[in-house]
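So you can see what is in the structure, the chains are spelled out below.
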Amino acid sequence: MNEEPDAEQTRPGRYRRSSTSLEFDRVIFFSDAVFAIAMTLLVVGIGIPHVKDGGFDQALQDKRQEIFSFFVSFVVIGFYWLSHHQFVSHLRAVDRTFMKLNLLYLAAIAFVPFPTALVGVYDTHSAAIVMYAITLGTA
């Protein structure tokens, strides 16, 4: 039996969860991809230690703060992803306004690796810490 779609389903720019439309899923998949890429970029910011005269242990020790900031930010982004996941699980549909706001939110998430790298290298500089805090506060 073919049922007529309700007015909410036929409104332009509004996508509902259904087996006939991938638009809702595309928004969520894209969001998940941004979170995954941001989390991956955190480790890229660490870089390989430069070893001089057999000082591998010291070179690795010098990366301690960068490694610590990686794990802190990985957990933080992970909690942001969990919150985002919980939020979208309650949505029945998305529209263009939601998609635009979601892009702004994802921009803040995608930016997190940059201040994370700054804090990892310049952990005693207040500007790096302030930028990190502002970024996390924005997200």
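If you're wondering where the values come from, they're calculated on a predicted model, not measured in any experiment.

**So, the overall build of the protein**
Okay, step 1: The number of helices and strands found in the protein is seven helices and two strands.
Okay, step 2: Walking the protein from its N terminus toward its C terminus, one meets helices and strands in the order α-β-α-α-α-β-α-α-α.
Okay, step 3: A total of 139 residues make up the protein; the buried ones form 32% of that total.
Okay, step 4: Taking as baseline every contact in the protein between residues at least 6 positions apart, the subset at least 24 positions apart corresponds to 71%.
Okay, step 5: Here the protein displays about 9500 Å² of accessible surface, and carbon together with sulfur accounts for 64% of that area.

**Examining helix H5 (residues 96–111)**
Okay, step 1: Along its 16 residues, H5 runs 23 Å from first to last C-alpha, staying within 8% of the 22 Å computed at 1.5 Å per residue.
Okay, step 2: By the burial criterion, the buried members of H5 are Phe98, Asn102, Tyr105, Leu106, Ala108 and Ile109. The buried residues of H5 all sit within an arc of 150° when viewed along its axis, so they share a single face. Within H5, the exposed residues directed more than 90 degrees away from the buried face are Arg96, Thr97, Lys100 and Leu104.
Okay, step 3: Where the residues of H5 are buried, they touch helix H2 (23–44), helix H4 (64–89), strand E2 (93–95), helix H6 (113–121) and helix H7 (126–138).

**A short note on the packing of H4 against H5**
Okay, step 1: H5 packs onto H4 with a crossing angle of 170° between their chain directions and a minimal axis gap of 12 Å. Looking at the two axes, H4 sits roughly antiparallel to H5. For the pair H4 and H5, contact is made by Ile77, Tyr80, His84, Phe87 and Val88 and by Phe98, Asn102, Tyr105 and Ile109, respectively.
Okay, step 2: Across the contact of H4 with H5, the residue classes break down as seven nonpolar, two polar and no charged.

**What to know about the nonpolar core**
Okay, step 1: Core analysis: the largest hydrophobic core is formed by 19 residues, its most contacted members being Phe35, Ile77, Tyr80, Tyr105, Ile109 and Ala139.
Okay, step 2: Going through the elements one at a time, H2, H4, H5 and H7 are the ones with two or more residues in this core.
Okay, step 3: The element that contributes the greatest number of residues to this core is H2, accounting for five residues.
Okay, step 4: Apart from residues lying up to four places away in sequence, Ile77 is in contact with Phe35, Ala38, Met39, Leu42, Ile109 and Val112.
Okay, step 5: Among the nonpolar cores identified, the runner-up in size contains seven residues, and Phe24, Val27, Val88 and Val94 belong to it.

Thresholds applied
- The residue count restarts for each chain, going from 1 along the sequence in the order it is written.
- Restriction of local features to residues with pLDDT of at least 70 applies here, the model being predicted, together with a cutoff of 80 or more for giving and counting side-chain atom pairs; totals for whole chains, interfaces and linings are based on all residues.
- The side-chain quantities take in all heavy atoms of the structure and omit both hydrogens and water.
- Helix and strand definitions follow DSSP, with helices as H or I runs of at least four residues and strands as E runs of at least two, each counted in order from the N terminus.
- Exposure is judged per residue with a 1.4 Å probe applied to protein chains only, and the accessible area is read against the type maximum: over 50% gives exposed, under 20% gives buried, and values in between give partly exposed.
- For this analysis, residues touch if any pair of their heavy atoms sits within 4.5 Å.
- Using a 1.4 Å probe, the Shrake-Rupley method yields the accessible areas, and only the shown protein chains count as cover for residues.
- Between the first and last residue of a helix there are one fewer steps than residues, each counted as 1.5 Å, and that sum is the expected span.
- To obtain the arc, one takes the directions from the helix axis to the C-beta atoms.
- Interaxial angles span 0 to 180 degrees and are taken between N-to-C directions of axes, which are lines fitted to C-alpha atoms, for helices over the stretch in contact.
- These descriptions rest on fixed angle ranges, namely under 35 degrees for roughly parallel, over 145 for roughly antiparallel, 65 to 115 for roughly perpendicular, and the rest for oblique.
- Three categories are distinguished: nonpolar for Ala, Val, Leu, Ile, Met, Phe, Trp, Tyr, Cys and Pro, charged for Asp, Glu, Lys and Arg, and polar for the others, with Gly belonging to the last.
- The nonpolar core is taken to be a set of buried Ala, Val, Leu, Ile, Met, Phe, Trp, Tyr and Cys residues, with the residues joined through side-chain atoms within 4.5 Å.

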